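Structural overview
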Amino acid sequence: MADRRPFRWTCVPSGGIPLDDDSPLLPIYIVTKASQLPVEFLEPSPQSKLVVGFDCEGVDLCRDGALCIIQLAFPDAIYLVDAIEGGAVLIEACKPALESSYITKVIHDCKRDSEALFFQFGIKLNNVMDTQIAYSVIEEQEGRQKLPGDYISFVGLLADPRYCGISYVEKEEVRLLMRQDPKFWTYRPLSELMIRTAADDVRFLLYIYHKMMEKLNARSLWQLSVRGALYCRCFCINDNQFADWPALPPIPDELLADGKVLEEEILSVLDVPPGNMGRVIGKKGASILSIKESCNAEILMGGKKGPPDRVFIMGPVKQVTKAEAMIRGRMLDM
């Protein structure tokens, strides 16, 4: 590996304690050339399967916003892949790993990251373990009801003593800086604050991953994998119905053999004619909230980042079909 010189070091949790005086220090590397990344990442193989923490930073990150940094957390180091200094050549070198089924990417809410990678670099993000989804699946598994639109934030997840139990106040401070200066992640060289913030967004993910995996049963593991795949596709709309993406994880034979009633989960994208989105949303969001409360499906809209004229529905087939019918009905209401 070329130029293996850490810029700084950071603590990571280990064992059963999130952080203490004995927590190991990991080096942080700023990557501008593919040769600075581990070979087992660049060349995925079934003989060297990996689990890495993963995140992206950028300017208004989506299909049009600029990708600036990819963060990768390994058990022994953190790598900040500089998309500005390394350019498309560096990001394309990461493509086999990001699309590989041999490398599990642990991330919190992958939708916009996946969208940016797909539209800007043609990367189909695959095999994610999304901690936002995992949190909801575990809550459901343990009998707690999730309210419509109630998604755990990364700061909230870190604060939960079941998974990490730490305060991440600096995240809010950086968000304020980004609102004041949307180009925050474009400046070079990377400042101490930028490096610390980028590393903080991934350094706890492997610890949380192991905590969550201890809780998930076989059914929940399948739901987590298929919903992660749907999240990756969500805003990556193309004309071939995702035919060139990896197949969705099938229902495991062991669950079918147990006689459990399971339904395949799908993604549906509804086009909303011009002038009709207001009817779908309703006054102060009342209409779309009513639909969400009536259907056991996840319903998303592109919002400001777009696409603004589509509704995305994910969940069991019957629930998705029900949500589709209710949304179409709202579009016909005068």
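Just above sits the structure.
Before going into details, it helps to say that this report is about the structure given with it. Given the structure is predicted, the values throughout are model-derived calculations rather than measurements. (Residues numbered from 1 in each chain as written. Predicted model: local features only at pLDDT ≥ 70, side-chain atom pairs only at ≥ 80, totals over all residues. Heavy atoms only, no water.)

**Observations concerning the overall build of the protein chain**
The helix and strand inventory of the protein chain stands at 13 helices and 10 strands. Scaling as 2.2 N^0.38, a compact globule of 334 residues should have a C-alpha radius of gyration of about 20 Å, and the protein chain matches this with 20 Å. Considering the protein chain as a whole, with its 334 residues, one finds that 50% of them fall into the buried category. Total accessible area on the protein chain stands at roughly 15,700 Å², and carbon and sulfur atoms take up 53% of it. Positive and negative side-chain charges in the protein chain, numbering 38 and 46 respectively, have mean positions lying 5 Å apart. (Helix = DSSP H or I, 4+ residues; strand = E, 2+ residues; numbered from the N terminus. Rg over C-alpha atoms; globule rule 2.2 N^0.38 Å. Buried < 20%, exposed > 50% of the residue type's maximum accessible area, 1.4 Å probe, protein only. Areas by Shrake-Rupley, 256 points an atom, 1.4 Å probe, with all protein chains shown as cover. Lys, Arg positive; Asp, Glu negative; His and termini not counted. Charge placed at Lys NZ, Arg CZ, Asp CG, Glu CD.)

**Description of the side chain of N126**
Turning to its location among the elements, N126 is positioned in the loop between helix 3 (111-121) and strand 7 (128-130). By relative accessible area, N126 is classed as buried at 17%. Only 3.1 Å separates the side chain of N126 from the backbone oxygen of E99, close enough to count as a polar contact. Apart from residues lying up to four places away in sequence, N126 is in contact with L98, E99, S100, S101, I103, K105 and P246. (Polar contact = N/O pair within 3.5 Å; in protein donor to acceptor, adjacent residues only side chain to side chain. Contact = heavy atoms within 4.5 Å.)

**Examining the packing of helix 4 (residues 131-141) against helix 9 (residues 218-233)**
Two elements in contact, helix 4 and helix 9, have axes whose closest approach is 10 Å; the angle formed by their N-to-C orientations is 145°. As helix 4 packs across helix 9, the resulting crossing turns out to be right-handed. Residues Q132, I133, A134, V137, E140 and Q141 of helix 4 touch helix 9, and the partners they reach there are S220, Q223, L224, R227, G228 and Y231. Split into classes, the residues belonging to the contact of helix 4 with helix 9 amount to 5 nonpolar, 5 polar and 2 charged. (Axes fitted to C-alpha atoms, helices over the stretch in contact; angles between N-to-C directions. Left-handed = near helix turned anticlockwise from the far one by under 90°. Nonpolar A, V, L, I, M, F, W, Y, C, P; charged D, E, K, R; others polar.)

**Quick notes on the side chain of D55**
Here D55 shows up in strand 3 (residues 50-59). This buried residue, D55, is left without a salt bridge; K171 holds the nearest opposite charge, at 5.3 Å. Residue contacts for D55: discarding those within four places in its chain leaves I69, I70, Q71, I107, D113, D201 and V202. (Salt bridge = Lys/Arg side-chain N within 4 Å of Asp/Glu carboxyl O.)

**Some points on the pattern of salt bridges**
Throughout the structure, instances matching the rule amount to 16 salt bridges. Its salt-bridge partner being R162, residue E139 comes within 3.0 Å of it at the nearest N-O pair. Here R162 lies in the loop between helix 5 (154-159) and helix 6 (169-180) and E139 lies in helix 4, a separation of 23 residues in the sequence. In this structure E139 comes out as buried when scored by relative accessible area, which is 12%.

**What to know about the pairing of strand 6 (residues 103-107)**
Across the 5 residues that make up strand 6, a large majority, 5, are buried. Of the two faces of strand 6, the one lined by I103, K105 and I107 and the one lined by T104 and V106 are each fully buried. For strand 6 and strand 7, the ladder comprises 3 bridges, and the chain directions are parallel. Within the sheet, the bridge partner assigned to V106 lies in strand 7 and is M129. In this fold, the crossover linking strand 6 to strand 7 by way of helix 3 has right-handed handedness. (Pairing = 2+ DSSP bridges. Right-handed = clockwise from strand over helix to strand, strands pointing away.)

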